[in-house]
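# Close look at the chain arrangement
Listed below are the residues making up each chain.
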Amino acid sequence: MYDITAIRNDFPILGREVYKRPLVYLDNGATTQKPRQVVDAMVDEYYNVNANVHRGVHFLSQQATDLHEQSRETVRRFINAQSTSEIIFTRGTTESINLLAFSFGEAFVKAGDEILVTEMEHHSNIVPWQMLCERKGAVLKVVPISDDGTLRMDEYRRLLSDRTRLVCCTHVSNVLGTVNPVKEIVEIAHSNGTLVLIDGAQSTPHFAVDMQDLDCDFFAFSGHKIYAPTGVGVLYGKEEWLDKLPPYQGGGEMIQKVTFEHTTYNALPYKFEAGTPDYVATHALAAALDYVSSLGMDNIFAHEQDLTRYALEQLSQIEGMRIFGPMDGRDAVISFLVGDIHHLDMGTLLDRLGIAVRTGHHCADPLMSRLGITGTVRASFGLYNTREEVDALVAGVERVRGMF
Ligand code: C6P
């Protein structure tokens, strides 16, 4: 039973008003709101447990360390990784990808090698690879998309070569909502002897992901998009590959023994976790994962799919409506433009009606160029949104259209 009233009560912010209107929060792709359970976990840790982890023999430090390490196990279970050694805590998807780009690049990329990304990537999954290519004299190749917003799998196959070191692909497009066939992408890459990184920033909040089933080599996601606090995220990597990669940053915790002549590094995953981690945020991330798990990822998926289908149906009926991305097999993200109304005007006027959407290029400039536009209006749904909120969006868009 998916009790939306009870769920919404877990999120105090959803009860507030903006411009004297009830808030309709449809910017979940950018960040999600936080349930009491997550905020309470943070408050509880600061009030009752706080101490640095992995460093103290004293009671609080032991307890904080236990919470931090239990959180790692919660993440492992949530994404069905084989071992907690494969779970590296980072600040978010962006840092996870930068870590990998540096570390993988140092170990495995040389001049003339190729990195394959797709045309629908977020800047976070383009720029770190570009920087790596510049450092190493490697080449960035791009898999194009079709006009319907799906990946050109024929081109993907064609572009994979014996020089391709890594395929970097988003699980779900933050603009088009396209759900990429990542399992197939991994299979094809592996048959070519190439490794794969999946950007899970926009998939983990919406449906269950399973590392052993996907068989990807690396996977990144952000806590704040899955109802956890900002400043925490995860890089998953298969142990056999993480073992071979050099550390990303140096400092406390990532070392085994330091002398001025030589330093040896800690075991996984600590080798990649220099400095004091945000252990309060990791604890709260676990609370968020427990929260969504208690609702059931399959129930969240069904609820959000219903909202997305309903929104697509209703929005399509608006005169001049142009929706980007596939109509089927899409996740809870809808980017659109209406007539020649600028996305910023639409977003600003919707905001005045209490409706929070995102406007602009969504950190996907190359995709905007491919679509021949400068930006879109984007509504993205979370587990607490309702059909009534979709109705408010549709009425709001109609009203703005009427003004022009
Ligand atoms: N997309 C959006 O509104 P960070 O900022 O590190 O938590 O996540 C970066 C990121 C990486 N990949 C994808 C597919 C993403 O969607 C994002 C973040 C937000 O679409 C903010 S730009």
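First, a word on scope: everything that follows refers to the structure included in this document. (Residues numbered from 1 in each chain as written. Predicted model: local features only at pLDDT ≥ 70, side-chain atom pairs only at ≥ 80, totals over all residues. Heavy atoms only, no water.)

## A closer look at the site of the ligand
Near the ligand lie 17 residues; those nearest to it are T94, D199, S222, H224 and R358. Contact between the ligand and T93: an oxygen atom at 3.5 Å from a main-chain N or O atom of the residue. Between D199 and the ligand, the recorded distance is 2.5 Å, taken from a side-chain N or O atom to a nitrogen atom. By residue class, the composition of the shell around the ligand is three nonpolar, 10 polar and four charged. (Near = heavy atom within 4 Å. Polar contact = N/O pair within 3.5 Å; in protein donor to acceptor, adjacent residues only side chain to side chain. Nonpolar A, V, L, I, M, F, W, Y, C, P; charged D, E, K, R; others polar.)

## With respect to the pairing of strand β17 (residues 376–380)
The two faces of a sheet get side chains in turn, since along a regular strand they alternate between them. Taking burial as the measure, the five residues of β17 include five buried ones, the bulk of the element. Burial along β17 is two-sided: the residues T376, R378 and S380 and V377 and A379 are all buried. Where strand β14 (residues 333–338) meets β17, four bridges bridge the pair, whose relative direction is antiparallel. In the sheet register, S335 faces β17, and the bridge partner there is R378. Pairing geometry for strand β16 (residues 358–360) and β17, over three bridges, is antiparallel. (Buried < 20%, exposed > 50% of the residue type's maximum accessible area, 1.4 Å probe, protein only. Helix = DSSP H or I, 4+ residues; strand = E, 2+ residues; numbered from the N terminus. Pairing = 2+ DSSP bridges.)

## Re the pattern of salt bridges
Following the criterion strictly, the structure yields 24 salt bridges and no others. Between E95 and R91 there is a salt bridge, with the nearest N and O atoms lying 3.6 Å from each other. Put simply, K183 and D213 hold a salt bridge, and the shortest N to O gap is 2.8 Å. With a gap of 30 residues between them, K183 in helix α7 (residues 182–191) and D213 in helix α8 (residues 211–214) connect regions that are remote in the sequence. Look at D213 and you get partly exposed, because its relative accessible area is 40%. Taken together, the salt bridges that share partners define one network made up of R152, D154, E155 and R158. (Salt bridge = Lys/Arg side-chain N within 4 Å of Asp/Glu carboxyl O.)

## With respect to the packing of aromatic side chains
One pair of aromatic rings is described through two measures. These are the centre distance and the angle between the planes. For the structure shown, the criterion picks out 10 aromatic pairs. Ring centres of F102 and Y248 lie 5.9 Å apart, and the angle between their planes is 55°; this geometry places the pair in the tilted category. With F102 in helix α4 (residues 93–108) and Y248 in the loop between α9 (239–242) and β11 (255–258), the pair connects residues that are 146 residues apart, well separated along the chain. The exposure class assigned to Y248 is partly exposed, which follows from its relative accessible area of 24%. In textbook terms, an aromatic cluster arises when at least three aromatic residues are bridged by ring pairs, as seen for F11, Y227, Y291 and Y384. Directly above the ring of Y310 sits R387, whose terminal nitrogen or CZ lies 4.2 Å from the centroid. (Phe/Tyr/Trp six-rings, centres within 6.5 Å; stacked < 30°, edge-to-face > 60°. Lys NZ or Arg CZ within 6 Å of the ring centre and 35° of its normal.)

## Digging into the sheet that holds β17
Spatially, β13-β14-β17-β16 is the arrangement adopted by the four strands of the open sheet, whose pairing is antiparallel. The open sheet has two free edges, formed respectively by β13 (321–324) and β16, since each of these has just one partner strand. Within the sheet, the average angular offset between the axes of one strand and its neighbour, ignoring direction, is 30°. (Axes fitted to C-alpha atoms, helices over the stretch in contact; angles between N-to-C directions.)

## Some details on a nonpolar patch on the surface
Taken together, the side chains of V39, V43, Y46 and Y47 make up a nonpolar region of the molecular surface, amounting to roughly 440 Å² of accessible area. Tracing the backbone through its elements, the reader meets Y46 in helix α2 (residues 36–48). (Patch = residues over 30% accessible without salt bridge, like charges linked within 9 Å, V, L, I, M, F, W, Y side chains within 5 Å. Areas by Shrake-Rupley, 256 points an atom, 1.4 Å probe, with all protein chains shown as cover.)

## Observations concerning helix α14 (residues 387–403)
Between its first and last C-alpha, α14 extends 24 Å over 17 residues, near the 24 Å set by a 1.5 Å rise per residue. Restricting attention to buried positions, one finds in α14 the residues E389, V390, L393, V394, G396, V397 and V400. Buried residues in α14, looked at end-on, bunch into an arc of 160°, giving them a common side. In α14, those exposed residues whose orientation departs by more than 90 degrees from the buried face are E388 and G402. (Expected span 1.5 Å × (residues − 1). Arc of directions from axis to C-beta.)

## Quick word on α4
Here α4 spans 21 Å end to end across 16 residues, near enough to the 22 Å set by a 1.5 Å rise per residue. Those residues of α4 lying buried are T93, E95, S96, I97, L99, L100, A101, S103, F104 and G105.

## Describing the pairing of strand β8 (residues 195–199)
Judged by how many residues are buried, β8 sits mostly within the fold: five of five residues are covered. Alternating residues of β8 divide into L195, L197 and D199 and V196 and I198, and every residue in both groups is buried. Two strands pair when backbone bridges link them, and strand β7 (residues 164–170) and β8 are joined in this way by five bridges, in the parallel orientation. Note on β8: the bridge partner recorded for T170 is D199. The β-α-β motif built from β7, the intervening α7 and the parallel element β8 has right-handed crossover chirality. Of the pairings in the sheet, the one linking β8 to strand β9 (residues 218–222) comprises three bridges and is parallel in character. In the sheet register, L197 faces β9, and the bridge partner there is F218. (Right-handed = clockwise from strand over helix to strand, strands pointing away.)

## A look at the environment of E240
Summarising the element assignment, E240 is placed in helix α9. Residues E240 and L383 lie 143 residues apart in sequence; the distance between their C-alpha atoms is 35 Å.

## Observations concerning the sheet that holds β8
Strand pairing within a sheet occurs via backbone hydrogen bonds; the two strands may be parallel or antiparallel. Spatial ordering of the open sheet is given by β4-β10-β9-β8-β7-β5-β6, a layout of seven strands whose pairing is mixed. Single-partner strands in this sheet number two, and they are β4 (87–90) and β6 (139–143). The sheet shows a mean angle of 20° between the axes of neighbouring strands, taken without regard to direction. In this structure, strand β5 (residues 114–118) lies alongside β7, joined through three bridges in parallel fashion. What sits directly across from I115, in β7, is L166. Contacting β4, β7, β8, β9 and β10 (233–237), α4 crosses the sheet at an angle of about 155° to β9. (Contact = heavy atoms within 4.5 Å.)

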